[in-house]
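Given next are the chains, with one letter for each unit.
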Amino acid sequence: MAAEGMSCAACQEVDDEQRYAQLDDILTQYQGVQGALIPVLQMAQAIFGYLPDAALRRISTALGKSYSEVAGVVGFYSFFTTVPRGRHLIRVCLGTACYVRGGKNVLAALRSALRVEVGETTPDQMFSLDVGRCFGACGLAPVIMVDDDVHERVRPGQLMGILDKYRGGGATEQDAAQSEPMREEE
Amino acid sequence: MIHLTINDTPVTVPAGTTILHAAQKVGVRIPTLCYVERLQAIGACRVCVVEIEGMINLAASCSMPVAEGMRVRTNTRRVRQARRMVVEMLLSEHDGDCQTCDRREDCELQALSAELGIRSISFTGQKTGKRIDVSTPGLMRDHGKCIKCRRCVSVCAEIQHVGALWAQGRGFDTAIGPAFNRDLSTVACVQCGQCAAVCPVGAITEQSYIDRVWDAIDDPDKHVVVQTAPAIRAALGECFGYPPGTLVTGKMTAALRRLGFDAVFDTNFTADVTIVEESTELLARLRTALVDKQPVALPMFTSCSPGWILFAEYFHPQILPNLSTCKSPQQMFGALAKTYYAQKLGVTPEQIFVASVMPCTAKKFECQRPEMCASGTRDVDAVLTTRELGKMIRAAGIDFDALPDEEMDAPLGLSSGAADIFANTGGVMEAALRTAYEVVTGRPLPMDNLHVTPVAGLAGVKEAAVTIDQALPDWSFLNGVEVRVAVAHGLNNAHQLVEAVLAGEKQYHFVEVMTCPGGCIGGGGQPRFTDDNVRKARIAAIYREDEGKTLRKSHENPALKTLYEEFLGQPLGERSHHLLHTTYEARSPV
Ligand code: SF4
Ligand code: SF4
Ligand code: SF4
């Protein structure tokens, strides 16, 4: 059901309309409030999953902050992103332990399996690929995280199996739990 | 009062004074880089560090206030080394080309390196990537030369209330520029050039049209005329070592002739025309409001400053009906040069090339606005800044000092003192009142030496009022009316004023806005560096120029009278409507 929703252009438009309506509500609340920019950006990112340019422009106008200032703040904090994220975020640990124990090879395998570079998202919006610095599981290196799940002692050969678990209707419980609230709102 | 010592010299200053200013009082020079008068000191560059007894870290003297009993040292080994390290670091990242750089003559980074005696750089860092942005008609940005001092960010946000430039990204990759490091044309920028005026290096400067002007001069088929804005004559001398506030009108005229212009004219002439058109427009609006009782946009705002026009179009589109429809004197000049003057000469508009010398980068934007083709072709072909004219004179091998004083050519070179003061904040207002009051009452403006002193000077927003009595029969509806006027310079001041007017907190009939602090004399194209002392000196020079003329009122300019008799007919008439007035368009700021 969710997968259908994601691929249907008409539904996407309806979703977007609702998201922008939500953003406008927030902007009305925060108009004239000091120090509103960062919290508003965080809420916008929660709504859209990333910060689309049109949302940034709307925020700039509503809060009376120049577009360059808004962009500057977005670029300063690493938790803001202006690129759409896929449904699942894969992060490969490149901390020292993971790196020396094969993290690099895992990353290379993921790049070629998904045909994306670090920071990019697959065309079907399913996966985004990123790297991380130590998830605190060095004893289990190399480690990758998919959303909030930690996968330990990963070998390149296992990757297809792991990815398949997240593809299509075969989402993990974790994933279902995560997207549930969003679906209710929709 | 606070007592402290600087290098063992006792000094007493008011509380809140910074160490930097306390040091100036006792003749101790502390080098600075990011610090600029009038802007919030951010202590970002750490060039101005000093040692304070009892403090572990060196302190940035531009932002550190004095304290009782403080003992400051500005010239210890540790201080010298720290300053050198900062500047060497900047130099190691700097992607420069000193021999050909626009700033080779007045670069603050070079001067600082010389002042600190730096002969070698102990770092071999990565260079800031070179990236040139020529996306707007007014400005050129060279990212590789930016030393991230953020002066431009402060001036654009605090003084101009625009915020086109901001720190983008983080860490070593931080770049100062428009949103997402895109080109300047992708954000709302009013082209004022105040960023270029404060930039210490060659990272922001004007787009140069020097070559285009040389090409025209060398083209035998072109009749090349030049107009100079009133603010140039009080600043051009600085390019040749004269102190700020030296009037060089005569030498400037002589230099322009020697550069090869076919006629040397004056934007002052069309400043006089502007006053006649604009005061007629103001009086017409007042008549509509007071006699016809029809709704009409008041207060009327002046429209000579193209940065202000862009600002209103971007940020206050609801007041566009309040802007005077008069074109700026530069554009009126272009339109008249290619029609009235072309006819006299018996040539087509296309055969005339109009070059302007302006204190302003926004004028480069203005002349390429699509509607500025009233003559059937581009009315103004190329705009040079004061700085560019200085460079041309130098390149032509003209010994400026040795030049005689010469007079401008007739007819577009004749002007009144009212036109000169267009250069100063408050000047357009004063010039307009000189004419409007006399039109209405038949008597000269009843003020000391015709000066509207309350609207002169560097206060951000200024107000004045004139009560009309014994008006001529035509204007009897104005009897007893207190005409209230206001003047703002620097767009943040203008913004506050507009907000107050829109909120109904302030009521005026007429408001003058100039984009740059101090007015055109402080424009983004003037010789660097412009601080308040320089502004005051140039302002005083302009008032001297006005007072030195017998002709002090725009409507008395004989060449202007001839222009109306021979060509235009009436102010606000059919022809002036077509040639001298314009329209505005709302623009989206995002
Ligand atoms: S900005 Fe200054 S240091 Fe840099 S290239 Fe230009 S003149 Fe040289
Ligand atoms: S030209 Fe004026 S508005 Fe544009 S970036 Fe520079 S200071 Fe800001
Ligand atoms: S562009 Fe100039 S003023 Fe702006 S941060 Fe860079 S060096 Fe400083």
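Calculation criteria
Residues numbered from 1 in each chain as written. Chains lettered and ligands numbered in written order. Predicted model: local features only at pLDDT ≥ 70, side-chain atom pairs only at ≥ 80, totals over all residues. Heavy atoms only, no water. Helix = DSSP H or I, 4+ residues; strand = E, 2+ residues; numbered from the N terminus. Contact = heavy atoms within 4.5 Å. Areas by Shrake-Rupley, 256 points an atom, 1.4 Å probe, with all protein chains shown as cover. Rg over C-alpha atoms; globule rule 2.2 N^0.38 Å. Buried < 20%, exposed > 50% of the residue type's maximum accessible area, 1.4 Å probe, protein only. Pairing = 2+ DSSP bridges. Axes fitted to C-alpha atoms, helices over the stretch in contact; angles between N-to-C directions. Near = heavy atom within 4 Å. Nonpolar A, V, L, I, M, F, W, Y, C, P; charged D, E, K, R; others polar. Domains from an automatic or database assignment. Buried area = accessible area lost by both parts, 1.4 Å probe. Salt bridge = Lys/Arg side-chain N within 4 Å of Asp/Glu carboxyl O. Polar contact = N/O pair within 3.5 Å; in protein donor to acceptor, adjacent residues only side chain to side chain. Phe/Tyr/Trp six-rings, centres within 6.5 Å; stacked < 30°, edge-to-face > 60°. Expected span 1.5 Å × (residues − 1). Parallel < 35°, antiparallel > 145°, perpendicular 65-115°, else oblique. Left-handed = near helix turned anticlockwise from the far one by under 90°.

So, on to the overall build of chain A. Helix and strand counts for chain A stand at eight helices and four strands. Along chain A, from the amino end to the carboxyl end, the secondary structure elements read α-α-α-α-α-β-α-β-β-β-α-α. Considering only intrachain contacts with a sequence separation of at least 6, the fraction spanning at least 24 residues in chain A is 62%. A total accessible area of about 10,000 Å² is found for chain A, and carbon and sulfur atoms account for 52% of it.

On to the overall build of chain B, then. Of regular secondary structure, chain B possesses 18 helices and 18 strands. At 25 Å, chain B has a C-alpha radius of gyration in line with the 25 Å of a compact globule built from 590 residues. Projected onto its principal axes, the C-alpha coordinates of chain B cover approximately 75 × 60 × 50 Å. The buried share of chain B, reckoned over its 590 residues, is 60%. Of all intrachain contacts in chain B linking residues separated by at least 6 positions in sequence, the fraction that spans at least 24 positions is 74%. On chain B, roughly 22,300 Å² of surface is accessible, and the fraction owed to carbon and sulfur atoms is 52%.

On to the sheet that holds strand 3 (residues 144-146) of chain A. Residues and elements named next belong to chain A. Taken in spatial order, the four strands make up an open sheet running 2-1-3-4, and their pairing is mixed. Looking at the sheet topology across the chains shown, the edges are occupied by strand 2 (127-132) and strand 4 (149-151). Averaged over all pairs of adjacent strands, the angle between strand axes in this sheet comes to 25°, irrespective of strand direction. With three bridges joining them, strand 1 (residues 88-93) and strand 3 adopt antiparallel strand pairing.

Here we come to the pairing of strand 1 (residues 2-6) of chain B. All names here are of chain B. Judged by how many residues are buried, strand 1 sits mostly within the fold: four of five residues are covered. Pairing geometry for strand 1 and strand 2 (residues 9-13), over five bridges, is antiparallel. Looking across to strand 2, one finds that Ile6 is bridged to Thr9. Where strand 1 folds back onto strand 2 in an antiparallel hairpin, the turn is made up of two residues, including Asn7, whose phi is positive at roughly 50°. Here strand 1 pairs with strand 5 (residues 71-73) via two bridges, running parallel. Note that in strand 5 the partner of Ile6 across the bridge is Val72.

With that settled, the discussion passes to the site of ligand 2. Around ligand 2, the neighbouring residues are Leu139(B), Cys156(B), Val162(B), Ala164(B), Leu165(B), Cys189(B), Val190(B), Gln191(B), Cys192(B), Gly193(B) and Cys195(B). Considering only residue class, the shell around ligand 2 consists of nine nonpolar, two polar and no charged.

This part takes up unusual backbone geometry. Following Ala141(A), the chain continues into Pro142(A) via a peptide bond in cis, with omega recorded as -5°. For Pro142(A), the location among the structural elements is in the loop between strand 2 and strand 3. In this chain, Leu298(B) is followed by Pro299(B) through a cis amide linkage whose omega measures 0°. Positionally, Pro299(B) belongs in the loop between helix 8 (267-290) and strand 13 (300-301). Unlike most non-glycine residues, Asn7(B) shows phi in positive territory, near 50°.

All names here are of chain B. Split into domains, chain B comes out as domain 1 (2-75), domain 2 (88-206), domain 3 (211-269 + 330-402) and domain 4 (272-327 + 415-532 + 539-580). Measuring from the centre of the C-alpha atoms in domain 2 to the corresponding centre in domain 3 gives 29 Å. Listed by partner, the interface residues are 12 residues for domain 2 and 10 residues for domain 3. Both faces considered, domain 2 and domain 3 share a buried interface measuring about 850 Å² in area, 50% of it formed by carbon and sulfur atoms. Sorting the residues of domain 2 by area buried against domain 3 places Pro137, Gln191 and Glu206 first, and these three jointly supply 57% of that buried surface. At the junction of domain 2 and domain 3, the tally comes to three salt bridges. Between Glu105 and Arg394 there is a salt bridge whose closest N-O contact spans 3.4 Å. The interface formed by domain 2 and domain 3 contains eight residue pairs in polar contact (both at pLDDT 80 or more). For the side of domain 2 that touches domain 3, a count of residues per class yields five nonpolar, four polar and three charged.

So, about the interface of chain A and chain B. At the junction of the two partners, chain A supplies 16 residues and chain B supplies 16 residues. When chain A packs against chain B, the two sides together hide about 1,200 Å² of surface, and 59% of this comes from carbon and sulfur. Along the contact surface separating chain A from chain B lie zero salt bridges. Taken together, the connections running from chain A to chain B amount to eight residue pairs in polar contact (both at pLDDT 80 or more). Every element with two or more residues in the side of chain A that touches chain B is listed here: helix 4 (53-63) and helix 5 (67-76) of chain A. Of all the elements, helix 5 of chain A adds the most residues to the side of chain A that touches chain B, at seven residues. Residue composition of the side of chain A that touches chain B, by class: five nonpolar, eight polar and three charged.

On to the packing of aromatic side chains, then. In total, this model carries 15 aromatic pairs over all chains according to the counting rule given. The interplanar angle of 45° and the centroid separation of 5.8 Å between the aromatic rings of Tyr314(B) and Phe315(B) together place this pair among those described as tilted. Accessibility expressed as a relative area gives 13% for Tyr314(B), which makes it buried. For Phe315(B), a relative accessible area of 27% gives the class partly exposed. Within the aromatic cluster, the residues linked to one another by ring pairs are Phe76(A), Tyr77(A), Phe79(A) and Phe80(A).

Residue and element names in this part refer to chain B. A rise of 1.5 Å per residue sets the reference length of helix 15 (residues 491-502), with its 12 residues, at 16 Å; its end C-alpha atoms lie 16 Å apart and thus fit the reference within 8%. Within helix 15 the residues assigned to the buried category are Leu491, Asn492, Ala494, His495, Leu497, Val498, Ala500 and Val501. Against the buried residues of helix 15 lie helix 4 (151-159), strand 13, helix 9 (306-315), strand 16 (461-467), strand 17 (482-489) and strand 18 (510-514).

With respect to the helices and strands, Arg369(B) occurs in the loop between helix 11 (362-366) and strand 15 (382-385). Taking the relative accessible area as the measure of exposure, Arg369(B) reaches 5% and is therefore buried.

What follows concerns the packing of helix 6 (residues 96-114) of chain A against helix 7 (residues 159-166) of chain A. All names here are of chain A. Relative orientation of the contacting elements helix 6 and helix 7 amounts to 55°, with a least axis distance of 11 Å. Classified by the interaxial angle, the pair formed by helix 6 and helix 7 is oblique. Where helix 6 crosses over helix 7, the handedness of that crossing is right-handed. Taking contact as the criterion, the partners of Val106, Ala109, Leu110, Ala113 and Leu114 in helix 6 are, on helix 7, Leu159, Met160 and Leu163. Of the residues contributing to the contact of helix 6 with helix 7, the split by class is eight nonpolar, no polar and no charged.

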